[in-house]
Structures are given as structure tokens and as C-alpha cells.
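# Overview (structure and organization)
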Amino acid sequence: MTTTKKRISDRIGSIAPSATLAVDSKAKALKAEGKPVIGFGAGEPDFPTADYIVEAAVEAARDPKNHRYTPGKGLPEFRQAIADKMLRDSGYEVDPNTIVVTNGGKQAVYQAFATILDPGDELILPTPYWTTYPEVTQLAGAKPVEVFAGADANYKVSVDQLEEARTDATKAMLLCSPSNPTGSVYTPPEITAIGEWALEHGIWVITDEIYEHLLYDDAEKTHIVKLVPDLADQTIVLNGVAKTYAMTGWRVGWMVGPMDVIKAATNLQSHLSSNVCNVAQRAAMTAVSGDLAVVEHMRQAFDRRRKTMVSMLREIPGLQVPTPKGAFYVYASVEELLGKEIRGRRPATSGELADLILDEVEVAVVPGEAFGPSGFIRLSYALGDDDLKEGVERIQNLLGEAT
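Residues numbered from 1 in each chain as written. Predicted model: local features only at pLDDT ≥ 70, side-chain atom pairs only at ≥ 80, totals over all residues. Heavy atoms only, no water.

### Notes on unusual backbone geometry
Residue Pro128 follows Thr127 across a cis peptide bond; omega there is 10 degrees. Following Ser177, the chain continues to Pro178 via a peptide bond in cis, the omega torsion being -5 degrees. Located in the positive-phi region is Tyr155, a residue other than glycine, with phi close to 60 degrees. Along the chain, the position of Tyr155 falls in the loop between strand S4 (143–148) and helix H7 (159–165). Given a relative accessible area of 6%, Tyr155 falls into the buried group. (Helix = DSSP H or I, 4+ residues; strand = E, 2+ residues; numbered from the N terminus. Buried < 20%, exposed > 50% of the residue type's maximum accessible area, 1.4 Å probe, protein only.)

Here you go:
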């Protein structure tokens with residue numbers, strides 16, 4: 001008698017697919033069928049990568065030295081450029097040897113979690129969260145502990161909430177400011193308080209700074225190691241070129257941390273993927289070494305779109321729309337609309353409401369279930385002004401029928 005073996009491991013089979021990518025894929029598939037779908041799902045700038053960055057890649061591709069394996073940790077000159085960039089933008093020095101270059105920011109996230117978390121550990125996860133964080137926590141065998149802050153708190157958790165969630169098993173916490181999915185930005189005093197709390201209790205901070213330059217209104221840069229320097233030995237910084245430089249497809253990110261952590265993460269990467277594409281590294285090096293004029297051009301466009309989207313969404317009865325001060329997302333509470341009748345349907349969850357919006361007016365949004373509790377929808381304003389206005393007008397017309 002033979003025993004039937006599982007085809008897929010429990011560890012991998014338990015991973016939920018990325019909800020944001022699923023929404024984006026569905027929208028693109030409907031567009032391919034000729035339907036006039038407008039997608040607010042993807043967190044991807046609609047700008048092309050700047051010409052001077054592309055030219056750097058072309059030159060790199062012509063150089064035979066980039067056709068070979070290079071150090072798995074990343075090109076030394078690129079790691080130095082990242083260190084220089086951090087001094088310029090974050091205000092503190094790091095040793096280039098404490099940096100490992102990764103295949104996009106998402107690999108940096110995975111490696112950070114895998115490197116410091118063990119089965120039985122807990123990671124405090126401010127909620128709403130980016131969809132990948134809980135999945136990689138569980139892949140490491142650890143437990144994500146969700147700490148929720150709603151629209152009335154601008155989706156920002158307090159130190160009191162963090163302390164209430166802390167247990168003897170707490171190993172780390174995740175910090176993402178500016179935030180995906182909410183666009184919220186913690187103030188320097190708020191970040192300082194969180195950093196001092198983590199330092200006091202010996203808790204690791206994994207800080208995702210991928211949206212660091214996309215700030216609006218009175219929002220300030222908030223780099224936790226700059227504000228709490230003593231936290232450097234228990235902090236991992238994650239970043240990349242995808243959002244800031246419109247380089248999502250180039251797949252270049254990095255993680256920065258204490259030497260022992262980076263050494264372990266480098267060992268992991270040596271077996272996982274080895275070095276990142278040299279041509280992409282050369283392009284990214286040009287990006288981080290240059291001025292921020294291109295970034296400022298995009299930031300101003302995002303700011304204009306942000307104001308338009310927030311203003312239009314606030315015209316819809318039943319929506320609560322806090323003002324996002326970073327990234328390129330609006331996270332609207334739709335709790336008051338749930339259960340109301342809209343074109344013969346009564347959506348009970350934000351997932352059902354998102355389906356209704358896509359079915360009835362061909363607009364794709366991401367429901368709150370992708371990021372934590374139901375009752376919210378995320379809309380990205382990283383798309384053209386005309387599509388943005390048309391898409392929100394469709395939502396206005398549909399949700400305005402709620403009774």
C-alpha cells in the first residue's frame with residue numbers, strides 16, 4: 001500500500017496570494033477584453049523611468065563586466081552609493097558593509113523577517129498593513145499580532161496600543177511610514193516615542209521606508225534611527241528604487257542592519273538568488289546618486305491627484321476619508337455603506353462592495369480585507385488625472401444610489 005504524499009507543502013500552500021496584484025491582474029484582463037476598466041489597485045507610478053537612468057542601464061549592458069556574476073551582497077560601489085544616499089536623505093551614516101542589495105523591496109522584506117524571526121516569536125503588526133507582511137511572518141514560523149488603528153486615528157497606532165500587544169514572545173514590530181495602504185505618516189515625536197519604547201523593551205524594529213520621499217502638506221521625514229540612534233543595533237531598514245524613481249520593473253531593493261543580521265541575510269541570499277542583475281544595479285546606482293528633481297516632479301503630480309481624489313471621495317455620503325500625507329494611496333472607510341442597497345445588492349463586506357463597484361461601473365479598488373479588517377477600500381492615485389477623475393465619478397454615481 002502506498003501513501004499519498006502532499007503535492008504542495010503546508011508552508012507554501014498556506015500563503016495567501018497578493019490581493020493587490022490579484023485586483024490589478026483582473027483589471028488588466030478586463031481591459032484586454034476591451035472593457036473600459038479603470039484600475040485603482042496597483043501601487044505603481046504611471047511615469048516612465050527617467051531617461052538618464054535608462055541610459056545608464058544601456059551603457060552597463062554594453063560592458064562585459066556586467067555580464068558575469070558579482071558579489072551576492074551587491075556591487076560595492078552601489079552599496080557605497082546607498083550609504084551616501086542614506087546620509088543625504090536620512091541624516092545618519094551607515095557602513096556599506098551593513099547593506100545587502102535585493103531583488104526588489106519585497107525580497108528585502110522576506111529576508112528581514114526570515115533572518116530574525118523563529119517559530120514561537122511574535123511580530124507586532126500595525127494594521128491596516130501591506131498584504132505581504134503577515135504572510136512572510138508566518139513563513140518564518142512566527143505569529144503576526146495585529147494592532148488596529150482606524151480612520152479616526154488616521155490609521156496610526158499609539159505606544160499604549162503597542163504596549164498592550166507586547167508579550168514575552170514579542171521579538172519585533174513592523175513600521176511603515178509613509179504607509180501602504182493608508183498613506184498615513186507618523187510625526188517625528190510619534191516615531192521617537194515608538195523607537196524609545198522598542199529600545200526599552202529590546203524589540204526589533206523592521207522599518208519599511210520605500211515611500212520616504214512621497215510626502216505632502218506638513219508631513220516630515222521620519223527616520224527612526226536618526227531620531228533614536230541607540231536603536232541602530234536592533235533596527236532593519238528596508239528600501240528600494242521602485243516607488244521613488246518609478247522603477248518597479250527593475251527589481252532593486254536593499255536592507256540595512258546590524259552586521260550579524262546582514263551577514264546572515266547575505267548567506268540566505270547566496271542560496272536564494274545570489275547577486276541582483278548587474279545592469280539593474282548600475283541603473284539604480286545612477287538613480288540614488290542623482291538629485292531628486294525627477295522625484296519632485298512626480299511628487300507634485302501625486303500631490304495634485306491626491307487632493308482631487310480626496311475631495312471627490314468626500315462628496316460621497318457615507319465615506320470617511322482621512323487625508324493621506326504620504327505614499328500614493330487613499331484609504332477610505334466604507335463602513336456606513338455596508339448593508340445598504342445599491343442596484344439590488346446589499347454588500348455586507350468591503351470585499352463585496354469592491355466586487356459590486358467592479359461589476360457595475362468597471363472600476364477596480366482593493367478591499368480592506370487585503371490589509372486587515374473589512375470596512376475599507378484602498379485607491380491608488382498613481383494613474384493619470386483623466387482616468388482618476390473618470391474612475392472616481394463612476395464610484396460617486398454608483399455609491400450615491402445607496403439607500
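### Focus: the pairing of strand S9 (residues 329–333)
The buried fraction of S9 amounts to five of the five residues, a majority that puts the element mostly inside the structure. Here S9 shows a buried face lined by Tyr329, Tyr331 and Ser333 and a second buried face lined by Val330 and Ala332. Taken together, the five bridges between S9 and strand S12 (residues 376–380) define a ladder with antiparallel strand orientation. Within the sheet, the bridge partner assigned to Ala332 lies in S12 and is Ile377. (Pairing = 2+ DSSP bridges.)

### Some remarks on the pairing of strand S7 (residues 235–240)
Burial analysis of S7 places six of its six residues in the buried class, which makes it a mostly covered element. Side chains Thr235, Val237 and Asn239 project from S7 onto one buried face, and the interleaved Ile236, Leu238 and Gly240 project onto a second face that is buried too. Here strand S6 (residues 204–208) pairs with S7 via four bridges, running parallel. Within the sheet, the bridge partner assigned to Val205 lies in S7 and is Thr235.

### A closer look at the packing of helix H4 (residues 76–90) against helix H11 (residues 278–289)
Between H4 and H11, whose axes approach to 9 Å, the crossing angle comes to 25 degrees. Our classification of the angle between H4 and H11 gives roughly parallel. With respect to the hand of their crossing, H4 and H11 are arranged in left-handed fashion. Residue-level contacts link Glu77, Phe78, Ala81, Lys85 and Arg88 of H4 to Gln281, Arg282, Ala284, Met285, Val288 and Ser289 of H11. A class-by-class count of the residues in the contact of H4 with H11 yields five nonpolar, two polar and four charged. (Axes fitted to C-alpha atoms, helices over the stretch in contact; angles between N-to-C directions. Parallel < 35°, antiparallel > 145°, perpendicular 65-115°, else oblique. Left-handed = near helix turned anticlockwise from the far one by under 90°. Contact = heavy atoms within 4.5 Å. Nonpolar A, V, L, I, M, F, W, Y, C, P; charged D, E, K, R; others polar.)

### A word on the nonpolar core
Ranked by internal contacts, the top residues of the largest apolar core, which has 50 residues, are Phe78, Met173, Val241, Tyr245, Val252 and Trp254. Counting 44 residues, the second largest nonpolar core, distinct from the first, contains Met309, Ile357, Tyr381 and Leu398. (Core = buried A, V, L, I, M, F, W, Y, C linked by side-chain atoms within 4.5 Å.)

### Concerning the pattern of salt bridges
Under the counting rule described, the total for this entry stands at 24 salt bridges. Note that Asp46 is salt-bridged to Arg305, the shortest N-O span being 2.9 Å. Separated by 259 residues along the polypeptide, Asp46 in the loop between strand S1 (38–39) and helix H3 (51–62) and Arg305 in helix H12 (residues 293–313) bring together distant segments of the chain. Residue classification places Asp46 among the partly exposed residues on the basis of a relative accessible area of 35%. Overall, the relative accessible area of 5% leaves Arg305 in the buried class. Across the salt bridge formed by Arg62 and Glu59, the nearest N and O atoms sit 2.9 Å from each other. Within this pair, Arg62 and its partner Glu59 are both found in helix H3, separated by three residues, close to a single helical turn. (Salt bridge = Lys/Arg side-chain N within 4 Å of Asp/Glu carboxyl O.)

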